[in-house]
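# Understanding the architecture of this molecule
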Amino acid sequence: MVYRLLAVNIDGTLLQSNGRLNKLTKEAIEYVHHKGVTVTLVTSRSFHSAKKVAKALKIDPMIIAHHGGYIGTASGKPVFVKRIPEKLTLEIVQLLEKTSCQISLVHEKYMLGNRVDLPENLLGKAVLHHNEQNFYSQSFVDSISGELNNHPISPTKITALFHNERDKRDIMKLIRELFPEVMLSGHNDQGLTILPKGVSKWNGILYLAEQLGVKRNEIVAIGDEYDDLEMIERSGLGVAMGNAPAEVKIAAKWVTRTNDENGVAYMLKEFFRKQHPLEFLEKMNMLK
């Protein structure tokens, strides 16, 4: 089988636990790129955050960010964006504001959040994950709904961090009943992510594959978390990191080493050294 598209999750997969990109991993990604394979980073991060990682690779890979709601490259315009409409955003925010939670409206260029007192154990989770604040414009207001009445926003996603699990469950139930236009993701403790319906990492990969003329069985997907499960299950070659949960590993066709053991580099060098460059295969008429 010849593979044409490589989709790699960022945190816990491409990057080590310290948030750094190992030289061996970088070289392996470039090795696959030079074989003519399209490389895309897939992440729940904002585009602005993912772009910094992409630039470290020096190959201008495709970026599927915001859980699949934004697709583009670091150097070009987006090829796909799906947002939560302004009116719907306001209605959801008004519901969230009835509880005590940290709300963030996430756009590819900025984030708008509310000022709220959180317990100390949640303060570290309140801001976008993995030090995204270091290179991401953020604004905080006392009332997000009040701000939206004057300056409407159509974000790619809304996140909320609750004081307790019960508030989160109640809000999830209400959102599912009142707003069928969105879907929910809430694997992490008191955190909740609200996305436009149909948005997922896998659907982002499928959209990109269709634009490139790549079949599903020609996709390699590498990830480590539950939101990577679908792309690992459905791609031609699904790869789980050694640090992935058992359920993700079971779904994979290949389990590599952990992110701190350069699992991406190990897998790519072991697997893609057997595949000739796509340009060569085309010249030899070996591609169907």
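Note: the structure precedes this text.
Here is a short report on the structure shown in this document. (Residues numbered from 1 in each chain as written. Predicted model: local features only at pLDDT ≥ 70, side-chain atom pairs only at ≥ 80, totals over all residues. Heavy atoms only, no water.)

## A short note on the sheet that holds strand 3 (residues 62-65)
In spatial order, the strands read 5-4-3-2-1-12-13-14; together these eight strands make up an open sheet with mixed pairing. Single-partner strands in this sheet number two, and they are strand 5 (80-81) and strand 14 (254-255). Across four bridges, strand 3 lies against strand 4 (residues 70-73) in antiparallel orientation. Considered in strand 4, the bridge of Ala-65 is made with Tyr-70. The strands touched by helix 8 (residues 201-212) are strand 1 (5-9), strand 2 (38-42), strand 3, strand 4, strand 5 and strand 12 (219-223); relative to strand 1, the strand with the most contacts, the crossing angle is about 155 degrees. (Pairing = 2+ DSSP bridges. Helix = DSSP H or I, 4+ residues; strand = E, 2+ residues; numbered from the N terminus. Contact = heavy atoms within 4.5 Å. Axes fitted to C-alpha atoms, helices over the stretch in contact; angles between N-to-C directions.)

## Focus on the pattern of salt bridges
Under the counting rule described, the total for this entry stands at ten salt bridges. Salt-bridge contacts for Lys-173 lead to Glu-177; the nearest nitrogen and oxygen are separated by 2.7 Å. Residue Lys-173 and its partner Glu-177 are both found in helix 7 (residues 165-178); the two are separated by four residues, about one turn of the helix. For Lys-173, a relative accessible area of 52% gives the class exposed. Take Glu-177: its relative accessible area is 49%, and that puts it in the partly exposed class. Here Arg-234 makes a salt bridge to Glu-230, at a shortest N to O gap of 3.5 Å. A residue pair is termed a helical-turn pair when its members lie 3 or 4 positions apart in one helix, as Arg-234 and Glu-230 do in helix 9 (residues 229-234) at four residues. (Salt bridge = Lys/Arg side-chain N within 4 Å of Asp/Glu carboxyl O. Buried < 20%, exposed > 50% of the residue type's maximum accessible area, 1.4 Å probe, protein only.)

## Considering the packing of helix 2 (residues 23-33) against helix 11 (residues 263-272)
Helix-helix packing: each pair is described by the crossing angle between the helix axes and the interaxial distance. Viewed as axis vectors pointing N to C, helix 2 and helix 11 meet at an angle of 30 degrees, and their least axial separation amounts to 8 Å. As for how helix 2 packs across helix 11, the hand of that crossing is left-handed. From helix 2, Leu-24, Thr-25, Ala-28, Ile-29, Tyr-31 and Val-32 reach across to helix 11, where they touch Val-264, Ala-265, Leu-268, Lys-269 and Phe-272. Classifying every residue of the contact of helix 2 with helix 11 by side-chain character gives nine nonpolar, one polar and one charged. (Left-handed = near helix turned anticlockwise from the far one by under 90°. Nonpolar A, V, L, I, M, F, W, Y, C, P; charged D, E, K, R; others polar.)

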